[in-house]
Amino acid sequence: MHVKSKTLQEDNDQSFEDLFFHSGQSGIKAFEEMMEAVTNQLIDFQMEQTKPYNGKSPAEVKQEVEALKQASCKGDHLPHFLKELDQSVMNHSIHVNHRQAVGHLHCPPLLPGVAAELILSVFNQSMDSWDQSPAAGFVEEKMIHWLIDQFQLGEQSDGVFSSGGTQSNYMGLLLARDYYCEREFGHDVQKEGLPSHSSRLKILCSKEAHFTVKKSAAQLGLGEEAVVLIETDEDHRMCFTDLKTKVKHLKNNGDLPFALVGTCGTTDFGSIDPLKELADFSKENNLWFHVDAAYGGALILSHSHREKLKGIQEANSITVDFHKLFYQPISCGAFLINDQSCFKYLNHHADYLNPKEDEEEGIPHLVNKTVATSRRFDALKLWTSLRVVGIERFQKMIDHTFVIAQQAADEIEAVKELEGVNRNPELNTVLFRFTAEEISKSELNQMNRVIQQKLLYEGAAFAAKTKVNNDVYLKLTLLNPRTSLSDIKAIFKRIIELGIQEVDKRRVLI
Ligand SMILES: *Cc1c(COP(=O)(O)O)cnc(C)c1O
């Protein structure tokens, strides 16, 4: 018995010392070697990339990854594994740093953010309780206060980092629901669940709002049908007249509208709802005003476009994503509220984590402000990026992307085979499609779908597709400040070539 346990101890010393980062020689050596191997592998990968995607189909990629899964797990050297990873995973990734990867709201990450990602993983602080993140929690609060200042929110405002827009929108609507039920009916949703008349609770947003508004309504027990969609104007902003009509109608019907979601930067058009009017309307009608600024929140760092945020400071809650136009590695987002006392609807005291006595002693536990428990120190990425890049250069970078988007829209206007939707892009998305004379609407839809797919499977460029009034359009999301007009022209040239091929195919058939 005694001998056996001693052997195990010796085994321990041999087998685990090189698996963790510690001050012993083997810990330092293993860290150095692994980081060097990763750096070298990433540089090799970067040097070989000529296209945003290698063009493989879902079935082909699946097959290669499956093959990797079957490989044995008997223990191996990291560089060996990295070679395998390069072949079957890195190679089939969307190369987000490529200048022609302009499909989704999916940014190239800033290098200081990437460096910070390594630091926060090594330290692995957990943001839920103070005793798991003694300094990190204060850094997060510092970044939240920086944001609050930028948005010019009031004295009582507060916030928390989140995994992204989905989680922030969910939290906004959760607080809105619970605040309304308490204020109107003295009903405690946290304790008692939904009130008996919950099917009458309604959320308003424009028909271009993000789908997570509906998804949140479903998860909050209200159902997707609780979301009333408001029409948009020709610039894809919420139509204020339709909002007034619909709210009046709901009230006449005995329904209970409790929240209004304004979008600051819709995913497809980058359009911004009339925030000031919506803020005033919300106050008059006792609605919680939530602004989904996942995309457009970055305008706080823009010289040229900042005034478009006017009215946002009157919101009850705001969603901001840093893994979009703030160029941070996923995930990194924030949720802000104008009245910190509303965080009580998320608070639950657990003896092991955030006991009530701690709160009385002033020990801060950030778990009290969010739906998550263990949580990453993502605030470090934003802080590092702001410090290293500097506000001025950050501002220039974001403004530059608006210039590129305008150049792309001008180019679309100048080319007869392309038809644009937004002549003056509000942010940096540009919508357009290939067009040709004597081709029917349904055929154009089909052709544009084919063009988008071919472009992706060639891998030479990457554009997204979406629908405008049920017609298929292509979308460039020009987040990368390194993308130039010549990149955009190259993408358009290929789109037109593919389009003409499709037209010719149809002409042969006729
Ligand atoms: C991206 C986006 C979301 C969702 O955010 P995630 O960070 O992907 O969860 C919500 N709203 C808008 C307007 C967005 O652009």
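The present account deals with the structure reproduced in this document.

## What to know about the sheet that holds strand S3 (residues 227–230)
Here is step 1: The strand order across the open sheet formed by seven strands is S1-S7-S6-S5-S4-S2-S3, and the pairing between neighbours is mixed. The open sheet has two edge strands, strand S1 (158–162) and S3, and neither has a second partner. Going across the sheet, the axis of each strand differs from the next one's by a mean of 20°, ignoring polarity.
Here is step 2: Against the sheet, helix H6 (residues 136–151) engages S1, strand S6 (317–321) and strand S7 (333–337), with an angle of about 120° to S1.
Here is step 3: Strands in contact with helix H11 (residues 275–284) are strand S4 (256–263) and strand S5 (288–293); relative to S5, the strand with the most contacts, it is inclined by about 155°.

## Overview of a negative patch on the surface
Here is step 1: A cluster of like negative charges, contributed by Asp 351, Glu 357, Glu 359, Glu 360 and Glu 361, occupies part of the molecular surface.
Here is step 2: Following the sequence through the fold, Glu 361 ends up in the loop between helix H12 (356–360) and helix H13 (379–389).

## Section: the site of the ligand
Here is step 1: Taken together, 13 residues lie around the ligand, and Thr 166, Asp 292, Asp 321, His 323 and Lys 324 are the ones closest in.
Here is step 2: At 2.6 Å from a nitrogen atom of the ligand is found a side-chain nitrogen or oxygen belonging to Asp 292.
Here is step 3: His 323 is positioned with one of its side-chain polar atoms (N or O) 2.7 Å from an oxygen atom of the ligand.
Here is step 4: A total of three residues in the shell around the ligand trace back to one element, the largest contributor, which is helix H7 (residues 165–185).
Here is step 5: Looking at the shell around the ligand residue by residue, the class counts come to two nonpolar, eight polar and three charged.

## Concerning the packing of aromatic side chains
Here is step 1: What the rule picks out here adds up to ten aromatic pairs.
Here is step 2: A centroid spacing of 4.0 Å and a plane angle of 10° characterise the contact between Phe 21 and Phe 31, whose relative ring orientation is stacked. In this pair, Phe 21 sits in the loop between helix H1 (2–16) and helix H2 (25–48) while Phe 31 sits in helix H2, placing the two residues ten residues apart along the sequence.
Here is step 3: Judged by relative accessible area, Phe 21 falls into the partly exposed class, the value being 45%.
Here is step 4: What makes Phe 31 partly exposed here is its relative accessible area of 24%.
Here is step 5: Considering the side-chain rings of Tyr 179 and Trp 288, the 5.6 Å spacing of their centres and the 65° angle between planes classify their relative orientation as edge-to-face. Here Tyr 179, found in helix H7, pairs with Trp 288, found in strand S5; they are 109 residues apart in sequence, far enough to count as distant.
Here is step 6: Relative accessible area serves as the criterion here: at 4%, Trp 288 is assigned to the buried category.
Here is step 7: Three or more aromatic residues joined by ring pairs make a cluster, and in this case those are Phe 161, Phe 322, Phe 326 and Phe 394.

Rules behind the numbers
The residue numbering used here restarts from 1 in each chain and proceeds along that chain's sequence as written. Note on the predicted model: pLDDT of at least 70 is required for a residue's local features to be given, and 80 or more for side-chain atom pairs to be given and counted; whole-chain, interface and lining totals, by contrast, use all residues. As a rule here, side-chain values cover all heavy atoms of the structure and leave hydrogens and water aside. Pairs of strands are assigned from DSSP output, requiring at least two bridges between the strands. Under the DSSP-based scheme used, a helix requires at least four consecutive residues in state H or I and a strand at least two consecutive residues in state E, with every element numbered from the N terminus. For every element, the axis is a line fit to its C-alpha atoms; helices are fit only across the contacting stretch, and the angle between N-to-C directions ranges from 0 to 180 degrees. Note on definitions: a residue-residue contact is assigned when non-hydrogen atoms from the two residues lie within 4.5 Å. Like charges within 9 Å and nonpolar side chains (Val, Leu, Ile, Met, Phe, Trp, Tyr) within 5 Å are joined into patches, using only residues over 30% in relative accessible area that form no salt bridge. Using the Shrake-Rupley algorithm and a 1.4 Å probe, accessible areas are obtained, with residue cover drawn only from the displayed protein chains. What makes a salt bridge here is a side-chain nitrogen of Lys or Arg within 4 Å of a carboxyl oxygen of Asp or Glu, nothing more. Counted as positive: Lys and Arg. Counted as negative: Asp and Glu, with His and the chain ends omitted from the count. Just so you know, the charge point we use is NZ for Lys, CZ for Arg, CG for Asp and CD for Glu. Being near a molecule or strand, for a residue, comes down to having at least one heavy atom within 4 Å of it. What qualifies as a polar contact is a pair of N or O atoms within 3.5 Å, subject to a donor-acceptor requirement within protein and to the restriction that residues adjacent in sequence count only when both atoms come from side chains. Residue polarity follows a fixed list, in which Ala, Val, Leu, Ile, Met, Phe, Trp, Tyr, Cys and Pro are nonpolar, Asp, Glu, Lys and Arg are charged, and the others, Gly among them, are polar. Aromatic pairs are defined between Phe, Tyr and Trp rings, using the six-membered ring for Trp, whenever the two ring centres lie within 6.5 Å; interplanar angles under 30 degrees are classed as stacked, those over 60 as edge-to-face, and all others as tilted. Summary of the burial criterion: residues with accessible area below 20% of their type's maximum are buried, those above 50% are exposed, and those between are partly exposed, where the area comes from a 1.4 Å probe applied to protein chains only.

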